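Notes for the structure review
Residues per chain, in single letters:
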Amino acid sequence: MLEVVLIYGYQILFSISIFILISLGLAIIFGMMKVINLAHGEFIMLGALFCAQLAQGGIPLGLAIPLAGLIVGLVGIVGERLVIRFLYGRVLDTLLATWGLSLLIVGAVTTYFGPQTSSTPQNLGTLSLGTFSISVYSLVMILVAFALLIAIYCLWRMTKIGLIVRTTMQNAATAQALGINTDRVFTLTFGFGAFLAGLTGAILVPLFGASPTMGVFYIAKAFITVIAGGPLPLTGTLAASSLFGAIDGAVAYLTTSVLGEISVLFVAIILLRLLPQGITGRLKRGV
Amino acid sequence: MLEQDQKRRVRRRLLTGLATAGLTAVSLALAGGQAQAQSGDPIIVGNILDQSGGLNIYSLKQIQGVALAVDEINKSGGLLGRPVEIRFYDSQSDNKFNSQYATNALLRDKVSVIHGGITSSSREVMRPIVQRFGGLLFYNSLYEGGVCDRRHVSTGMVPAQQLEALIPYVINEKGKKKSYILAADYNYGHITAKWMQKIIEANGGEVAAVEFFPLDVTNFAPVLARIQEANPDVVYSALVGGAHMGFYRQFESTIGKDNMLLASSTYGVGREQTELSPQEGEGIIIATSFVDDLDTPAAKDFVSKFKAFSGEDDYIGEYGEYGYRGVMLWADAVRKAGSAEPDDVIAAMKEGGVSFDGPGGLYSIDGKTNHTTMDIHIAIGNDKGSFDLLQSFQQQPPLDTQLVCDLHANPDDTTQYEPEVN
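What this report covers is the structure whose coordinates are included nearby. Worth saying up front: this structure is predicted, and the values here are computed from it rather than measured. (Residues numbered from 1 in each chain as written. Chains lettered and ligands numbered in written order. Predicted model: local features only at pLDDT ≥ 70, side-chain atom pairs only at ≥ 80, totals over all residues.)

Description of the sheet that holds strand S5 (residues 152-154) of chain B
All names here are of chain B. This is how it is decided: Following DSSP output, two strands are said to pair if at least two bridges run between them. Secondary structure elements follow DSSP: runs of H or I no shorter than four residues count as helices, runs of E no shorter than two count as strands, and numbering proceeds from the N terminus. Note on method: axes are straight lines fitted to C-alpha atoms, helices fitted across the in-contact stretch only, with angles between N-to-C directions ranging 0 to 180 degrees. For the purpose of contact definition, each residue receives a C-beta atom placed from its backbone, and two residues are in contact when these atoms lie within 7 Å.
The sheet built from five strands is open, its strands ordered S2-S1-S3-S4-S5 with parallel pairing. The open sheet has two edge strands, strand S2 (84-90) and S5, and neither has a second partner. When the angles between neighbouring strand axes are averaged without regard to direction, this sheet yields 25°. In this sheet, S2 lies alongside strand S1 (residues 43-49) in parallel orientation, the contact comprising seven bridges. Across the sheet, Ile 44 pairs through a bridge with Glu 85, a residue of S2. Across the face of the sheet, helix H12 (residues 318-337) comes into contact with S1, strand S3 (113-116) and strand S4 (137-139) while running at roughly 160° to S3.

Pasting the structure below:
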């Protein structure tokens, strides 16, 4: 009995952690910066790809994951400087521009790295729970997902950097009047969002693999999570990920993966009908 | 004297002039003849495969296999004295492009044959189009069997060849009876799962559960938990595409092949083992009609010329060979027909005797069903990203389709017959 409860809990936490990971970067770029980043899935893909490449090149996985994230962060910064910075405040234009960016990334990766699926194995082994065994890597992934969320929350709420970023996002003109270099804040925040997306891809690659067109597997889920989360990007992402992850994990385990996905979409529709502003729509403070 | 000299000179000049003219004429005629043989309208082969998207793992080598076969045909003088030309269309892992390009190929580009389609759903999208415009489709892919259509030729394995070899091996040689089936959620997976159930039960095994997965599912954690709950002896996978590849990785990192046998009808054809680590791929049992490791001169020769042609040194696998085999079988039918017109080629196949002695042994097309008889091998993934052979079956006929299909009696049949499982 205990093992069934544990395996249940594991399924749900695993599902929640996937929702958190794939939407964290978007929570910052779309939730805070209001850039409809359709290249989010491609940032995840780049992270997965770079991580697989680095690991195949002999760099240990534990180092390849953050490194891949950093490279994607740099890609994000370059993209922001070249394209996005001209479009702040023009929400619909960002949609078109980032869609173009996503096509460009997919095309470039296909041309340069080829269209095949690549990946890299992990060797953390398994943990046995009676008749069940679960992958230790998945457990580490769950911990990392929650740790990242908490770390970013602390960064935004407790540090001066967080204050500056939040001020800039709330009112750039006032922030500029207070002597903040808002241009740089925008660039770095976008780069940070891209870094988180890349990190996610890198963390997921030993489980799910990397291919140039994999972005489409994640983009819809990420947007649904952030939109359902509402105006407070981090709290909202946590709430929406927990809700969707719990439903997906439980339903997929009890029935099939298909019904799991369907039930998530169903709940998302109902949720947005009842709370059009998202889960955190009524909350006035927080991130 | 002077006059004579002049006359002689004139005559000589005339002679040389004539001679030169004659030579020129001859060489012109030769050149003309050559030009005609060369410019005899090329025979156009349409090739519709997924160069991009989640299903390209099956297509990338097959595109090269088709090109290699056409290259060889052209180097040995073409077909019926005419050069062969490929018109390639990237269906991008999306069936809507299969229908669009099949129409383009037949109406605009006037192809003599379409080679292509990977998934059964893409084939079923193209079949009515080929029907409507009187074309010919060579479907170079393993599939669930049962398509009875004179405009469709299957050159890959069907369940009676593949699963009738694989499942009895798993049950009788390995003693693994309690089975759990995972399949892709479209017509291939559903019909293949039915065949699996039928053959498992016929061999005294039992089926604990059958589950289907849409092609974009990457997270297999829930089903891995359910598998552990059911605790079967063997898991059969008919999973398809790049996203599903994650299953083999996640299976190894939770359950592990040391604790549970893994057998598959699709593993290897997408060259999955080249992207998995040795531990993840080692020990998976498959039934196949071609792996690079076949120890025959024909197979070795094919592997080396394929690598030289493509300039890539990695594993080729079954689907690369299918592209080559498909074109060569079609070429044999064209030669027998003395024409590349679809209806003439179909008539030649109906006569029977269309065959190709290829890399995996002799392939011959059965005129009653347009399906192919071939050798089948049981193989197991090894730690070198490749396969070791366990057992071979010579010249296996496509029995399942032969039981239900007779194009001699019903040439206008276009049905896909399905097995019945009670």
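What follows continues from the structure just given.
Quick notes on the nonpolar core
Just so we agree on the cut-off: By convention in this section, buried Ala, Val, Leu, Ile, Met, Phe, Trp, Tyr and Cys residues joined through C-beta atoms within 7 Å make up a nonpolar core. Burial is judged by counting other C-beta atoms within 10 Å of a residue's own C-beta: 20 or more means buried, 12 or fewer means exposed, and anything between counts as partly exposed, with every C-beta placed from the backbone.
Grouped together as the largest cluster of nonpolar side chains are 211 residues, with contacts concentrated most on Ala 48, Cys 51 and Val 72 of chain A. If you tally residues by element for this core, the top one is helix H1 (residues 2-32) of chain A, at 17 residues.

What to know about the pairing of strand S12 (residues 361-366) of chain B
Residue and element names in this part refer to chain B. Direction of pairing for strand S11 (residues 355-358) relative to S12: antiparallel, over a ladder of four bridges. When the sheet's bridge partners are listed, Asp 357 is paired in S12 with Leu 362. The antiparallel hairpin formed by S11 and S12 contains two residues in its connecting segment. Examined bridge by bridge, S12 and strand S13 (residues 371-381) share three bridges and lie antiparallel to one another. The partner of Ser 364 across the bridge, within S13, is Thr 373. As consecutive antiparallel partners, S12 and S13 are separated by four residues, and within that stretch Asn 370 has a phi angle of approximately 60°, a positive value.

Quick notes on helix H2 (residues 40-56) of chain A
Residues and elements named next belong to chain A. As a reminder, the rule being used: Expected span, for any helix, means 1.5 Å times one less than how many residues it has.
Helix length check: H2, at 17 residues, gives a terminal C-alpha distance of 24 Å against a target of 24 Å (1.5 Å per residue), a fit within 8%. Most of H2 sits out of view: 15 of its 17 residues are buried. Backbone geometry just downstream of H2 places Gly 58 in the positive-phi region, at approximately 105°.

Describing the pairing of S3 of chain B
Residue and element names in this part refer to chain B. Rule in force here: Look down the strands so they point away from you; if going from the first strand over the helix to the second traces a clockwise path, that crossover is right-handed.
Residue alternation in S3 divides its side chains into two sets, Val 113 and His 115 and Ile 114 and Gly 116, and both sets are buried. Sheet topology places S1 next to S3; four bridges connect them, and they run parallel. In the strand pairing of S3, Ile 48 is matched with Gly 116. For S3 and S4, the ladder comprises two bridges, and the chain directions are parallel. Residue pairing for S4: Ile 114 is matched across the bridge by Leu 137. In this fold, S3 hands off to helix H4 (residues 120-132), which returns the chain to S4; that crossover is right-handed.

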